[in-house]
Amino acid sequence: MKKNLLLVAFFAGVLGAPLWGASKWEVIPSVHTWGGELDVGWRPVSLIPGRQTTFWVGGAGILQFWSYFHDPATGQALLSPNSSDASVTQLLGQWFAGATQGLVAHLADKGYGGQPWASPDLIELYGLYRGTVWGTLASGSYLATSSQPDKNGYVQTAFLGGVDLNMLTKTNSHNLRQGFMAEAAWATAPRGIQSVDVDYNRFTGTVKGFFPLWDSDPLRKDNQFSVEGGLALAWDHLWGHRIPSEELQLIGGRALGGFTGWVQGVGGQVRGPDQGTFDGTDKFIGNVELRFNLPGLELPWLAQDYFGLPTKSLFEGQVIPGFITFYDYGYWNGLSGYTDGYVESEGLGVFCKFWDLGTVAAYVERWQAYWGNIGQNGIGTPFESQNFAYTLSLGLQF
């Protein structure tokens, strides 16, 4: 009933918009590793004078590859899993509708160094309905023979809300931004309105910040060499009668993954361990990076207006390559059969930023995990990389 009321209210606002005056649209396409997303924002009216009100609809289709590292009979985490028995392939479809509302304005028109703010609002509130369908295309024996009610996929109905404190600037032409943002977010998928017998509640707190450390020629239009530090912290807590397998492996909120929120937890946000590893009900993640931006490349022949197509706005600016050094930390608790533990990862990476369309990155890392009831003196290493591991991603970690 709540879902229907929210959808009716939203679309009533959309259909009634011509009565409210001129509209302002924002269209945000996103490319995921194996899929895509399109979000559309509309600002026909300001519900709080001087602050931004945006109504949103969006959707995504993604092919997901992850692993279920649990004994199918007991549900306990496995120390020495077989990768083929753990592998899962699912087709994810997602759609949402909701609104964001600015509450407090920035004190200054521009941010640090005269850069525009990433958001016109210092404090913003949001709420939305989100539907998700997971279709299991293939799964190994661990999930396939388990008693998990969502093992063959299901349709989820969830409600999300949150509040952001945003003091980030936009990324400049040297691939630098500055400031920080903090978010408190919640999500609930109540029992009884899911297609199978699952439910969950989630609270997520996130902080991320960027700190320009050096720019060899800040007045030059094109980047020559610049260095930026970055930090991301996230705490995620789940509870419920029967939490879906997929949700145990995720981090909520929108600060890291947007409204669709498909961000892997300890196994994933910490580079190195397989996606799905250490899927406890409590997770804490820390990512620290140094990003080195190398001389940018301009391709002016692409930034032309051919046949009236908007290619100029898409390809204007630079292609900026670079490299990264990083340290990742992940803590978990509530992992079935074991006490709390943590994992550390460090390594190097290379990336290439393609205008404002996106970034491709590749990493090499070494990692090791510990938890409390294995080995001498309560310290053990149930998982570790035997050699340097490799990770390829579409987009940076945060």
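Data block above holds the structure.
Along each chain, residue indices are assigned from 1 in the same order as the chain's sequence is written. With pLDDT at 70 or above as the cut-off, local features in this predicted model cover only qualifying residues; side-chain atom pairs require 80 or more to be listed or tallied, and sums for whole chains, interfaces and linings still use all residues. Note that water and hydrogens are dropped before the side-chain values are worked out from all heavy atoms of the structure.

Visitor: So what's going on with the overall build of the protein? Residues and values would help.
Guide: Put simply, DSSP H or I for four residues or longer makes a helix, DSSP E for two residues or longer makes a strand, and each gets a number counted from the N terminus. Secondary structure summary: the protein contains five helices and 16 strands in total. Per-residue accessibility, obtained with a 1.4 Å probe over protein chains only, is compared with the maximum for each type, and a residue is labelled buried under 20%, exposed over 50%, and partly exposed between these values. Buried residues in the protein amount to 47% of all 398 residues. Any pair of residues with heavy atoms lying within 4.5 Å of one another is described as a contacting pair. Residue pairs in contact within the protein that sit at least 24 positions apart in sequence constitute 67% of those at least 6 positions apart. Summed over all atoms, the accessible surface of the protein reaches about 18,600 Å², with 63% contributed by carbon and sulfur. In this description, accessible areas are obtained by the Shrake-Rupley approach with a 1.4 Å probe, and a residue is regarded as covered only by the protein chains that are shown.

Visitor: How would you sum up the side chain of threonine 100? Please name residues and give values.
Guide: Position of threonine 100 among the secondary structure elements: in strand β4 (residues 87-105). The exposure class of threonine 100 is buried, given its relative accessible area of 3%. Looking at threonine 100, its side chain comes within polar contact range of the side chain of tryptophan 56, at 3.3 Å. Residue contacts for threonine 100: discarding those within four places in its chain leaves Gln52, Thr53, Thr54, Trp56, Glu124, Leu125, Tyr126, Arg254 and Phe259. Any pair of nitrogen or oxygen atoms within 3.5 Å is treated as a polar contact; in protein, a donor-acceptor pairing is required on top of that, and neighbouring residues in sequence qualify only through side-chain atoms on both sides.

Visitor: Describe a nonpolar patch on the surface, with residues and values.
Guide: Without a salt bridge and with relative accessible area above 30%, a residue can belong to a patch; like charges are then joined within 9 Å and nonpolar side chains (Val, Leu, Ile, Met, Phe, Trp, Tyr) within 5 Å. Salt bridge criterion: a side-chain nitrogen from Lys or Arg within 4 Å of a carboxyl oxygen from Asp or Glu. A contiguous nonpolar patch, built from Tyr112, Phe180, Trp186, Phe203, Val207, Leu233, Trp235, Trp239 and Phe284 and spanning about 780 Å² of accessible area, is present on the exposed surface. Secondary-structure elements contributing two or more residues to the nonpolar patch are β7 (179-189), β8 (200-215) and β9 (226-239). Looking at which element gives the most residues to the nonpolar patch, the answer is β9, with three residues. As for its position among the elements, leucine 233 is in strand β9.

Visitor: Go over the pairing of strand β3 (residues 53-67) with me, naming the residues and quoting the values.
Guide: Sheet topology note: the strand β2 (residues 35-42)/β3 ladder contains eight bridges and is antiparallel. Along β3, the bridge assignment pairs leucine 38 with glycine 59. One requirement defines pairing of two strands: DSSP has to find at least two bridges between them. Sheet analysis places β3 next to β4, joined by 15 bridges and oriented antiparallel. Directly across from serine 67, in β4, lies its bridge partner serine 87.

Visitor: Explain the environment of leucine 290 to me, and be specific about the residues and the numbers.
Guide: Within the secondary structure, leucine 290 sits in strand β12 (residues 282-293). Linking leucine 290 and leucine 348, residues 58 residues apart in sequence, is a C-alpha distance of 9.7 Å. Beyond its immediate sequence surroundings of up to four residues, leucine 290 is in contact with Leu213, Val227, Glu228, Gly229, Phe323, Ile324 and Thr325.

Visitor: An account of unusual backbone geometry is requested, with residue identities and associated values reported.
Guide: Phi angles above zero are rare outside glycine, and phenylalanine 278 is one such case at about 60°. Mapped onto the fold, phenylalanine 278 is located in the loop between α4 (266-269) and β12. Using a relative accessible area of 3% as the deciding quantity, one classes phenylalanine 278 as buried.

Visitor: Kindly report on the pattern of salt bridges, identifying the contributing residues and their values.
Guide: A full pass over the atoms with the stated rule returns 13 salt bridges. Of the charged contacts in the structure, one is a salt bridge between glutamate 26 and arginine 43, with a shortest N-O distance of 2.4 Å. Of this pair, glutamate 26 sits in strand β1 (residues 25-32) while arginine 43 is found in the loop between β2 and β3, placing the two residues 17 residues apart along the sequence. In this structure, aspartate 197 engages arginine 191 in a salt bridge whose closest nitrogen and oxygen atoms are separated by 3.2 Å. The class for aspartate 197 is partly exposed, based on a relative accessible area of 36%. Here the salt bridges share partners, and the residues they tie into one network are Glu124, Asp164, Glu183 and Arg254.

Visitor: Before we move on, could you go through the packing of aromatic side chains and cite the residues and values that matter?
Guide: Working definition: an aromatic ring pair is given by the centre-to-centre distance plus the angle between the planes. For Phe, Tyr and Trp, rings pair up if their centres lie within 6.5 Å, where Trp contributes its six-membered ring, and each pair is then called stacked (planes under 30 degrees apart), edge-to-face (over 60) or tilted (otherwise). Tallied over the full model, the rule gives 19 aromatic pairs. On the numbers, 4.2 Å between centres and 10° between planes, the contact of phenylalanine 278 with tryptophan 332 is stacked. Pair noted here: phenylalanine 278 is in the loop between α4 and β12 and tryptophan 332 is in strand β13 (residues 319-333), with a separation of 54 residues, a long-range link. There is no split in this pair, since phenylalanine 278 and tryptophan 332 are both buried. Judged by centre distance (6.4 Å) and plane angle (50°), the rings of phenylalanine 354 and tryptophan 355 are tilted. In this scheme, the term charge over a ring applies when either NZ of a lysine or CZ of an arginine sits within 6 Å of the ring centre and within 35 degrees of the ring normal. For the cation-ring pair, arginine 271 lies above tyrosine 363, with the distance from its terminal atom to the ring centre recorded as 4.7 Å. Above the plane of the ring of phenylalanine 398 lies arginine 291, whose end atom (NZ or CZ) is 4.9 Å from the centre.

Visitor: Please provide a residue-by-residue account of the pairing of β7, values included.
Guide: Relative to β7, strand β6 (residues 153-166) runs antiparallel, the two sharing eight bridges. Paired with valine 163 across the bridge in β7 is alanine 184. For β7 and β8, the ladder comprises eleven bridges, and the chain directions are antiparallel. Bridging across to β8, glutamate 183 finds its partner in threonine 206.

Visitor: Please set out the environment of threonine 260 residue by residue, giving values where relevant.
Guide: Tracing the backbone through its elements, the reader meets threonine 260 in the loop between β10 (250-251) and β11 (263-264). By relative accessible area, threonine 260 is classed as buried at 3%. Discounting chain neighbours no more than four positions away, the residues touching threonine 260 are Glu37, Ala60, Gln94, Phe96 and Arg130.

Visitor: Tell me about the environment of tyrosine 154, and name the residues and values.
Guide: Here tyrosine 154 shows up in strand β6. You can call tyrosine 154 buried: its relative accessible area is 3%. The sequence separation of tyrosine 154 and valine 198 amounts to 44 residues, and the corresponding C-alpha distance is 9.5 Å. Setting aside anything within four residues of it in sequence, one finds tyrosine 154 in contact with Thr132, Val133, Trp134, Ser195, Val196, Val198, Pro244 and Glu246.

Visitor: Describe the side chain of asparagine 287, with residues and values.
Guide: Counting through the fold element by element, asparagine 287 comes out in strand β12. Within polar-contact distance, the side chain of asparagine 287 engages the backbone oxygen of glutamine 269 at 3.0 Å. Of the polar contacts made by the side chain of asparagine 287, one reaches the side chain of aspartate 328; its length is 2.8 Å. Excluding residues within four positions of it along the chain, asparagine 287 makes contact with Gly230, Leu231, Ala232, Gln269, Arg271, Tyr327, Asp328, Gln397 and Phe398.

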